[in-house]
Amino acid sequence: MGYDRGMRAITIPEPGGPDALVWSEVPDPQPAPGEVVVAVRASAVNRADLLQRQGHYPPPAGASAYPGLECSGVVAALGPEVTGWTVGQEVCALLAGGGYAERVAVPAGQLLPVPAGVDLVDAAALPEVACTVWSNVVQLAGLTRGETLLVHGGGSGIGTFAIQLGTALGATVLATARSAKQDRLRALGAAHLIDYREQDFVEEVRRITDGRGADVILDIMGASYLGRNVSALATGGRLVVIGMQGGRKGELDLGALLAKRASVSATALRSRPVAEKATIVTGVREQVWPLVEAGAVRPVVDRRLPLADAAQAHRLIESSDHLGKVLLTLP
Ligand SMILES: NC(=O)c1ccc[n+]([C@@H]2O[C@H](COP(=O)([O-])OP(=O)(O)OC[C@H]3O[C@@H](n4cnc5c(N)ncnc54)[C@H](OP(=O)(O)O)[C@@H]3O)[C@@H](O)[C@H]2O)c1
């Protein structure tokens, strides 16, 4: 990526708390071959952005140094060898970084059209959760109609999308969430809510499924839930770990896993090669966008804040008082 002129972006001169996010003048991105520059209308906060701000999650090689894993906006320039997109087109995009900025360069394979019926700003709430949930729950774990999906952190950006997608695909969705969020998650399609602070989720999953367990578990806790997740799996169950909020090293009971003929996988989206991301984006466009356009899956937006106030948005996510996505907007 080369640069000229200038724009404003949220930078992180020194890692730290929310005030480490600084609204700064930076060089303008230029599209490399195969890339498109998007004039950003909105970005969204992901939990990974908090880790990046604290210095624990550096951007992958070649990615923008600024935070922001997704955006919506308008195509502002096309790099060499880009076909299928036009300047002025409204899009949203999966990014490896750089969404907290007025403009960002992105591989063309990571662009998506704004789904019909979705506002341009709200479209920024979709790429990261749609690509993460679809690639893990459908592509990897192979969730099918009639199965039971357990979503941990149902009130998160990821969770609110997973509840809707699982329900739209004909699964019975169970979710863990604090009680204050449960009514809104029921309205999104969750059949049963488990307050992880008050209830034992393994017991609850067994009770709700008449002892069978969950066919697929989408987990964001990692080590602290590993043993209990394996206990909560059905025979032939698939546990997919996408977050390590409860630590990275846990003990895995292989005996329990093989008795159930179950599997455990873990994936990260951000560091995947551009070609793999493009494949995921194509799958999302073909299989998830029609559900969004039909109204079965919608962006769940807690609130919109100006991008320059990104520190306030990070404080909100840290408090976990939000439900769904917090958007960062530009005029
Ligand atoms: N691997 C990947 O490719 C990938 C991509 C995107 C996101 N992620 C991961 O997915 C997770 C969600 O991301 P996000 O940006 O959507 O997060 P978020 O909106 O900040 O939500 C975090 C959630 O964690 C929940 N939580 C905290 N402690 C819990 C516990 N003990 N049991 C169950 N839930 C608990 C909170 O629930 P309450 O508010 O109900 O307490 C909250 O809903 C993060 O861990 C993130 O790193 C991974």
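Procedures and definitions
Residues numbered from 1 in each chain as written. Predicted model: local features only at pLDDT ≥ 70, side-chain atom pairs only at ≥ 80, totals over all residues. Heavy atoms only, no water. Near = heavy atom within 4 Å. Polar contact = N/O pair within 3.5 Å; in protein donor to acceptor, adjacent residues only side chain to side chain. Helix = DSSP H or I, 4+ residues; strand = E, 2+ residues; numbered from the N terminus. Nonpolar A, V, L, I, M, F, W, Y, C, P; charged D, E, K, R; others polar. Domains from an automatic or database assignment. Salt bridge = Lys/Arg side-chain N within 4 Å of Asp/Glu carboxyl O. Buried < 20%, exposed > 50% of the residue type's maximum accessible area, 1.4 Å probe, protein only. Phe/Tyr/Trp six-rings, centres within 6.5 Å; stacked < 30°, edge-to-face > 60°.

As annotated in an unreviewed UniProt entry, the protein chain carries the name Putative NAD(P)H quinone oxidoreductase, PIG3 family and is attributed to Micromonospora yangpuensis.

Caption draft 1: Geometry of the site of the ligand. Residues in contact with the ligand amount to 26 residues; listed here are only the nearest, K181, Y196, Y225, Q245 and H322. Contact between the ligand and I242: a nitrogen atom at 2.9 Å from a main-chain N or O atom of the residue. Take L269: an N or O atom from its main chain is 2.8 Å from an oxygen atom of the ligand. Every element with two or more residues in the shell around the ligand is listed here: helix 2 (127–140) and helix 3 (157–168). The class makeup of the residues in the shell around the ligand is 10 nonpolar, 12 polar and four charged. Looking at which domains feed residues into the shell around the ligand, each of domain 1 (2–126 + 271–329) and domain 2 (133–266) supplies at least three.

Caption draft 2: Structural context of the pattern of salt bridges. Enumeration according to the criterion identifies 13 salt bridges in this entry. Close ionic contact of D19 with R315 constitutes a salt bridge, the shortest N to O distance being 2.7 Å. Within this pair, whereas D19 is found in the loop between strand 1 (2–11) and strand 2 (22–30), its partner R315 is found in helix 9 (residues 310–319), the two being separated by 296 residues in sequence. Here D19 falls in the exposed class, since its relative accessible area comes to 60%. Relative accessible area serves as the criterion here: at 40%, R315 is assigned to the partly exposed category. The salt bridge partner of E147 is R238, with a shortest N-O separation of 2.8 Å. With E147 in the loop between helix 2 and strand 8 (148–151) and R238 in strand 12 (residues 233–241), this pair connects stretches of sequence that are 91 residues apart.

Caption draft 3: Here's a closer look at the packing of aromatic side chains. Taken as a whole and judged by the stated rule, the model has one aromatic pair. An angle of 45° between the planes, with centres 4.8 Å apart, marks the rings of F201 and Y225 as tilted. Of this pair, F201 sits in helix 5 (residues 201–208) while Y225 sits in helix 6 (residues 223–232); the two residues are 24 residues apart in sequence, bridging distant segments of the chain. Each member of the pair, F201 together with Y225, is buried.

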